[in-house]
Amino acid sequence: MAYSYVVPSDSDLKLNSLDTNDNAGLGKEEGLRKLEDLAAEIGELQELLFASRQTAVLCIFQAMDAGGKDGAINRVISYVNVQSCRVAYFKAPTEEELAHDFLWRVHRQTPPKGGMTLFNRSHYEDVVAVRVRGLAPEGVWKDRYDLINDFERLLAKCETILLKFFLHVSKEEQEKRLLAREKDPRKAWKLNVEDWKERERWDEYQEAYEEAIRRCSTEYAPWRVVAADRKWFRDLAVAEALAETLRPFRAGWEESLRALGDRAAQELQEYRASR
Ligand code: ATP
Ligand code: MG
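As the structure is a prediction and not an experimental result, all values here were calculated from the model.

Draft legend 1. Up close: the state of the cysteines. Evaluation of the coordinates by the stated rule reveals zero disulfides. Free cysteine: Cys216, not disulfide-bonded; nearest cysteine sulfur from Cys59 at 18 Å.

Draft legend 2. Examining the site of ligand 1 more closely. Ligand 1 sits among 17 residues. The nearest are Lys91, Arg121, Glu125, Asp126 and Arg133. Within the side chain of Arg121, an N or O atom sits 2.6 Å from an oxygen atom of ligand 1. Arg133 places a polar side-chain atom, nitrogen or oxygen, 2.8 Å from an oxygen atom of ligand 1. Protein chains shield 82% of the accessible area of ligand 1, which is 630 Å² for the free molecule. Among the elements of the structure, helix H2 (69–79) and helix H5 (129–132) are those that each provide at least two residues to the shell around ligand 1. Taken together, the residues that form the shell around ligand 1 break down as six nonpolar, one polar and ten charged.

Draft legend 3. Local environment of the environment of Lys231. You can see Lys231 is positioned in helix H10 (residues 231–246). When its relative accessible area of 41% is taken as the criterion, Lys231 is described as partly exposed. Here the alpha-carbon distance between Lys231 and Gly71, two residues 160 residues apart in the chain, equals 8.1 Å. Not counting residues within four places of it along the chain, the set of residues in contact with Lys231 comprises Arg177 and Lys187.

Draft legend 4. Focus on the sheet that holds strand S4 (residues 116–120). If you trace the six strands from one edge of the open sheet to the other, you get S1-S6-S5-S2-S4-S3, paired in mixed fashion. With one partner strand each, in any of the chains shown, strand S1 (5–6) and strand S3 (85–89) form the two edges of the open sheet. Against the sheet, H10 touches strand S2 (56–63), S4, strand S5 (160–168) and strand S6 (223–227), its axis set at about 165° to S5.

Draft legend 5. Seen up close, the packing of helix H1 (residues 28–52) against H10. It is the contact of H1 with H10, at a shortest axis distance of 9 Å, that shows an interaxial angle of 35°. In this structure, the crossing between H1 and H10 has a hand that is left-handed. Side by side, H1 and H10 meet where Lys28, Gly31, Leu32, Lys34, Leu35, Leu38, Glu41, Ile42 and Leu45 of the first sit next to Trp232, Asp235, Leu236, Ala239, Glu240, Leu242, Ala243 and Leu246 of the second. Considered class by class, the residues forming the contact of H1 with H10 number eleven nonpolar, one polar and five charged.

Draft legend 6. Up close: the side chain of Arg181. As for its placement among the helices and strands, Arg181 is situated in helix H7 (residues 171–183). Taking relative accessible area as the criterion, Arg181 reaches 13% and is therefore assigned buried. Not counting the four nearest positions on each side in its chain, Arg181 is found in contact with Ala66, Lys187, Ala188, Lys190, Leu191 and Asp195.

Draft legend 7. Spotlight on the nonpolar core. In this structure, Val57, Phe61, Phe165 and Leu167 are the most contacted members of the largest nonpolar core, which totals 74 residues. Per element, the largest residue contribution to this core is ten residues, and it comes from H10.

What counts, and at which threshold
Residues numbered from 1 in each chain as written. Chains lettered and ligands numbered in written order. Predicted model: local features only at pLDDT ≥ 70, side-chain atom pairs only at ≥ 80, totals over all residues. Heavy atoms only, no water. Disulfide = S-S within 2.5 Å. Near = heavy atom within 4 Å. Polar contact = N/O pair within 3.5 Å; in protein donor to acceptor, adjacent residues only side chain to side chain. Areas by Shrake-Rupley, 256 points an atom, 1.4 Å probe, with all protein chains shown as cover. Helix = DSSP H or I, 4+ residues; strand = E, 2+ residues; numbered from the N terminus. Nonpolar A, V, L, I, M, F, W, Y, C, P; charged D, E, K, R; others polar. Buried < 20%, exposed > 50% of the residue type's maximum accessible area, 1.4 Å probe, protein only. Contact = heavy atoms within 4.5 Å. Pairing = 2+ DSSP bridges. Axes fitted to C-alpha atoms, helices over the stretch in contact; angles between N-to-C directions. Left-handed = near helix turned anticlockwise from the far one by under 90°. Core = buried A, V, L, I, M, F, W, Y, C linked by side-chain atoms within 4.5 Å.

So far we have only geometry, and geometry alone does not tell us how the molecule works.
Below is the structure:
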């Protein structure tokens, strides 16, 4: 069963109709056991992905502040070989980045074949943060939905598997986490007055996310809404989606590795014969 909600294309998604506290009827221990199995499977799949170098994997993580992007990304990294997995962060654009088209800084961070890249924020900031904060005129950000779809179609056509996660937390859970940061000296460095200011525009953010997810959930790059109030369930849902998406590629990757192995063995034989 799917632990996250895969948003169909042309959907009329309403974020507030999706439960942020869902656990799919699982207890935490049971969920963590399932997560362990999925983590092992993802590790194996990523090794095949890396060795066969036919496909790239791009996972995009978006959420409200304190929604758990960092935590979710850290978990995924713990399942895989970090040498072929990397994280790209997208903060407010620099002057140089602003002088280019909005996808310039994003495109250069996309994974090569064999690689897996996790985006902590992404080009979706350009239709969410930019919209809510009024950083560009409406005509500019509205055009970006189609541009994003074209960009993601290009990536998909060029062997990139795309997964897009919206970590869906409730406003109450966000407040709890922001307040917890204040009390925990190990987390206080994350305190940011901006988070409280942005929180005042919660509804506008939800609306902007809703539209971005609706407009940009496609067959080749679907959005998934992940119930993220419970961290263990969030991690389970992400792991499940990743394993399920990569699993169908396993046979093809193994096949190409066999072919590579055969070729290497033959070259070795020819070399020995020639001596
Ligand atoms: P943390 O969990 O550490 O707070 P963060 O991703 O929230 O991580 P911050 O430095 O707090 O990092 O925030 C980055 C800010 O950059 C966010 O407010 C985000 O909306 C903003 N940002 C990212 N991309 C863009 C963009 N293209 N245009 C405008 N703002 C952007
Ligand atoms: Mg922040």
